[in-house]
Amino acid sequence: MNGLFVSHCRHLSVVKCIHNGQLTFSHPSVWAHVSNLKPPPGSQGSGIRAVSPVLTHLRGLRNDALPTLEDPINPVTITDIRKFLSCRQVPIQDGYSCLRIPSPFEASGRGSGAGDRGRFGLYIDKTTGSFLCMQTQVEGSWEDLKDHVLLVQKEGHTALSPQQVHRKARSIENRLYKEKEIQEVQKIWEASSAFVDIQKEEAEHVKTMFSMSKISNATLRKFGVKFYRPTQSVVFPWFSPHTHRLVGIKLVSVREHAGTSDLYTQLTLPRPAWYHNLFGLPLIRPSDSQLVLTGHEMDTLAVNQATGIPSLTLPCGPSCLAPVLLPYLEQFSKVTLWLGEDPRSWEASRELSCRLGPSRCWLVRPGEQQPRPRDALTSRLNLSGILRNTVPAEPQALVSFRQLRQDVLGEMKNKDRLAGVKWSRFSQLNQILKGHRRGELTVLTGPTGSGKTTFISECALDLCTQGVGTLWGSFEMSNVRLARVMLTQYTQSRLEETLERQPHLCHSWADHFQELPLYFMTFHGPKNIKIVLETMNHAVYLYDISHVIIDNLQFMIGQESLHVDKFALQDRIVRAFRQFASRAGCHVTLIIHPRKEEEGNLQMASIFGSAKAAQEADNVLILQDCTRVSGTSRRRIQVVKNRYDGEVGTFSLDFNKTTLSFTCSKEENARPPPPPPRLQGKGSGESSEFVTKALELKEAATWTKPNKIVKRFKVNYRAMPYVDSVGG
Ligand SMILES: Nc1ncnc2c1ncn2[C@@H]1O[C@H](COP(=O)(O)OP(=O)(O)OP(=O)(O)O)[C@@H](O)[C@H]1O
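Residues numbered from 1 in each chain as written. Predicted model: local features only at pLDDT ≥ 70, side-chain atom pairs only at ≥ 80, totals over all residues. Heavy atoms only, no water.

## What about the pattern of salt bridges?
Overall, the coordinates contain 24 salt bridges when judged by the stated rule. Within this structure, R82, D94 and K126 form a network of salt bridges that share partners. (Salt bridge = Lys/Arg side-chain N within 4 Å of Asp/Glu carboxyl O.)

In structure tokens, the structure reads:
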């Protein structure tokens, strides 16, 4: 059954078009623009990755490990899904994040498993339409399911035999790796020791190293947790819920003891984008209706040991849940999110509750007496009492300060973190705006051709290199040209000048650039706001996008027929983007042309349209063109509105035509832009080396008792793929 398997993976950090087709950096049209040379060998035909000989090895590994966007993502709504199924008399059961229908892959839709849940064994994601059949493991997009339902109704059911089902499930698991990585996982697993088989002293020492001295050997055995001596790592297994095979592992190592703080690193096989393990899933029974979801495996062990309540761990930390895992959480009528005590975990629990269904979600609010589960157990706190003291995720219509008090105090305590992500290239922007925050709306205006796109491209790239998932809506400039500008800003050089002499260097740069969480909508010219918003919603849901740039609003609106009131239409669209930013917790940057007027010194009122854009915006920036005054390519950024803390101001920018980059002007003792990222010679070594290689931590998160985060990890990912860092 071809074409039914679509990989839905989070954090696909490649340069891809969301709406249709594929644009990768090896796309011939990119190179055609970057140079007048022929595209590199092997890249003929759209979307085919250009694989130069030197990179074959790297690409060979990464091609397998880096899932591609196999099908265009066309936004589908829950209304479309219900309408299609109802028209074909397909019975539907409503769930929290998914709809359930009898699986057309099961003979007469009869499924194994308890009652209705077995019979309604196919889960359809309400947001994306993608589906997963829990019995046969067949998964795919909404388009695939529609085709299959039509096929079944036309030619009778096409059930899979049990043997086919098992083969399918194994084929999914096998596709996670290259063959040798499966052997690697097995080798590490077999070389690891169960805690019950370790000398008592050594076991106690290991538990002390990982601050889990209160976790019993029985609990560790129940969850299958082992210890891998060669790297002094705790090994958390990933067993397939269908074949019960070991399909992956996560190794957590202690990097260093600094006083009372512990530094941890984690390594997953397969890499994070494919590591879809809800740790603890094999222990879940069909009858379980209550769940505690944690951000770290040790917390799941602590919760289950202390309370007996079923507990699962998110695959890669508190802010990561691949949509393909949502069906496994559908059976729970109550989900308690106890993701950690840092502000990011608290924000993540609120965002995650929106996806899981707020009505069934309860949140453990971080606090002195409510640390993460592992530390609550170590401190002999009452975990059951903490779980009784949760707050509902469902927004209450009415709250008193008593309910707000903790949030207010939390914000005061963590004001630096809440200020947002800092730009590394524009320190003056940090001084005025304090950072880039989710959920805000920024408006940028400036004279035509003054460099708005160029400036925002660099600003957004700066944030993207720090992990901010970014989605571009470039309605005027083509994605290829925009990507070329960004690649120049990223490498701080004109690759077209080296492409002929050093093609492999260019491919290495393109490979590194592709690792960024950067996506492009493929809309150009006027586009209906509804389609744009649906695509943005999909991107936020599927790829954890937290920054959307719309360049530019007038181009998106287009030359509507004359009778439409352009100002009223623009106001409606600005309002829609404002609501999206607030609801999705996503920062939206809108580029709006100024009114046709003397383009000398623009004001807030110069923004085209009514005052609505300036009123709705949290931040308003004006790119002033100083050419006429200074006769140079100098520009000035004027922040005329800053809702976060009210500070406004201005600073000058010098433009470098070669690197297409701005730097704060010299006399403003600007810091030079950071050097381009270091190219790593080896992108992905043998998996066996991963486990022994040390990470170069640029900045380390440290846990101090009682386990407060002091700073966050920054890890040199490029030195070692498959590795993620985690505090604790
Ligand atoms: N400060 C600058 N000095 C000189 N040239 C610049 C400067 N900034 C950008 N440019 C160049 O000017 C051209 C237009 O830049 P850009 O597209 O960013 O302007 P824009 O304001 O977005 O244009 P539009 O109003 O059409 O959207 C580009 O080739 C860019 O490299």
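There is more to say, and it comes next.
## As for the sheet that holds strand β4 (residues 122-125)
Read across the sheet, 5 strands follow the order β2-β3-β4-β5-β6 without closing on themselves; strand pairing throughout is antiparallel. The sheet is open, and its two borders are formed by β2 (93-94) and β6 (139-140), each paired with just one other strand. Here β4 runs beside strand β5 (residues 131-133); their pairing, made up of 3 bridges, is antiparallel. Residue pairing in the sheet places Y123 in a bridge with L132 of β5. In this fold helix α5 (residues 142-155) packs onto β3 (98-101), β4, β5 and β6, with an angle of close to 135° to the strand it touches most, β4. (Pairing = 2+ DSSP bridges. Helix = DSSP H or I, 4+ residues; strand = E, 2+ residues; numbered from the N terminus. Contact = heavy atoms within 4.5 Å. Axes fitted to C-alpha atoms, helices over the stretch in contact; angles between N-to-C directions.)

## A closer look at the confidence of the model for the protein
Predicted confidence across the protein gives a mean pLDDT of 76, with 73% of residues reaching 70 or more. In this model residues 109-114 is a low-confidence stretch, pLDDT under 50, and it forms 12 contacts with partners more than four residues away in sequence or in other chains. Within the model, the stretch residues 681-728 combines pLDDT values under 50 with 132 contacts to residues more than four positions away or in other chains. Both scores are given for the predicted complex: the pTM is 0.65, the ipTM 0.95. (pLDDT = per-residue confidence, 0-100.)

## So, the site of the ligand
Residues in close proximity to the ligand total 16 residues, the closest being K452, T453, T454, H593 and S633. Between the ligand and K452, the relevant distance is 2.8 Å, taken from an oxygen atom to a side-chain nitrogen or oxygen of the residue. T453 places a polar side-chain atom, nitrogen or oxygen, 2.8 Å from an oxygen atom of the ligand. (Near = heavy atom within 4 Å. Polar contact = N/O pair within 3.5 Å; in protein donor to acceptor, adjacent residues only side chain to side chain.)

## Let's talk about the sheet that holds strand β13 (residues 311-313)
If you walk across this open sheet you meet the 5 strands as β13-β12-β14-β15-β16, and the pairing is mixed. Each end of this open sheet is capped by a strand with a single partner; those strands are β13 and β16 (391-392). On the sheet, helix α10 (residues 297-307) packs against β12 (290-294), β13 and β14 (334-338) and is oriented at approximately 175° with respect to β13. Lying over the sheet, helix α11 (residues 343-356) contacts β12, β14, β15 (361-363) and β16, oriented at roughly 175° with respect to β15.

## Considerations on the nonpolar core
Inside soluble globular proteins, nonpolar side chains tend to come together where they are buried. In terms of nonpolar packing, the biggest core is built from 67 residues, with L293, L356, M536, I550, F577 and L590 touching the most fellow members. With residues up to four places along the chain from it excluded, the contact list for L293 reads L312, L314, L329, V335, T336, L337, W338, L339, L352 and L356. Counting residues in each nonpolar core, the second largest holds 39 residues, with L433, W472, L516 and F520 among its members. (Core = buried A, V, L, I, M, F, W, Y, C linked by side-chain atoms within 4.5 Å. Buried < 20%, exposed > 50% of the residue type's maximum accessible area, 1.4 Å probe, protein only.)

## Quick look at the packing of aromatic side chains
How two aromatic rings sit relative to each other is given by the distance of their centres and the angle of their planes. Per the counting criterion, the structure on display carries 15 aromatic pairs. Between Y490 and F513 the ring centres are 5.0 Å apart and the planes differ by 75°, which places this aromatic pair in the edge-to-face class. Of this pair, Y490 sits in helix α18 (residues 479-491) while F513 sits in helix α19 (residues 503-514); the two residues are 23 residues apart in sequence, bridging distant segments of the chain. Take F513: its relative accessible area is 0%, and that puts it in the buried class. Note on F655 and F662: the rings are 5.0 Å apart at their centroids and 50° apart in plane angle, and the pair reads as tilted. Members of the aromatic cluster, joined through ring pairs, are F426, F455, F655 and F662. Lying across the ring of W362, K334 places its NZ or CZ 5.6 Å from the centre. One cation-aromatic arrangement involves R437 over Y644; the distance from NZ or CZ to the ring centre is 3.8 Å. (Phe/Tyr/Trp six-rings, centres within 6.5 Å; stacked < 30°, edge-to-face > 60°. Lys NZ or Arg CZ within 6 Å of the ring centre and 35° of its normal.)

## Remarks on α5
Helical geometry note: an α-helix holds 3.6 residues per turn, so side chains three or four residues apart project in the same direction. With 14 residues, α5 ought to run about 20 Å at 1.5 Å a step, and its terminal C-alpha atoms sit 20 Å apart, in line with that. Among the residues of α5, those classed as buried are W142, D144, L145, H148, V149 and V152. Projected down its long axis, α5 carries its buried residues within an arc of 150°, all on one side. Of the exposed residues in α5, the ones pointing more than 90 degrees away from its buried face are K154 and E155. On its buried face, α5 is in contact with α3 (78-87), β3, β4, β5 and β6. (Expected span 1.5 Å × (residues − 1). Arc of directions from axis to C-beta.)

## What to know about the environment of A348
Here A348 shows up in helix α11. Taking relative accessible area as the criterion, A348 reaches 3% and is therefore assigned buried. Along the chain, A348 and L337 lie 11 residues apart, while their C-alpha atoms are 9.4 Å from each other. Residue contacts for A348: discarding those within four places in its chain leaves P318, S319 and L339.

## What about unusual backbone geometry?
Backbone torsion omega between L269 and P270 reads 0°, so that peptide bond is classified as cis. Residue N552 is bonded to the preceding D551 through a cis peptide linkage, with omega at 0°. The phi dihedral of D544 falls on the positive side, at around 55°, and the residue is not glycine. Considering the arrangement of structural elements, one finds D544 in the loop between α20 (529-543) and β20 (547-551). What makes D544 buried here is its relative accessible area of 18%. At L660, a position not held by glycine, the phi torsion is positive, near 55°. Mapped onto the elements, L660 comes out in the loop between β24 (649-656) and β25 (661-664).

## Here's the deal with a nonpolar patch on the surface
Together, V399, F401, L404, V408, L409 and M412 give the surface a local cluster of nonpolar side chains, amounting to about 540 Å² of exposed area. With respect to the helices and strands, L404 occurs in helix α14 (residues 401-413). (Patch = residues over 30% accessible without salt bridge, like charges linked within 9 Å, V, L, I, M, F, W, Y side chains within 5 Å. Areas by Shrake-Rupley, 256 points an atom, 1.4 Å probe, with all protein chains shown as cover.)

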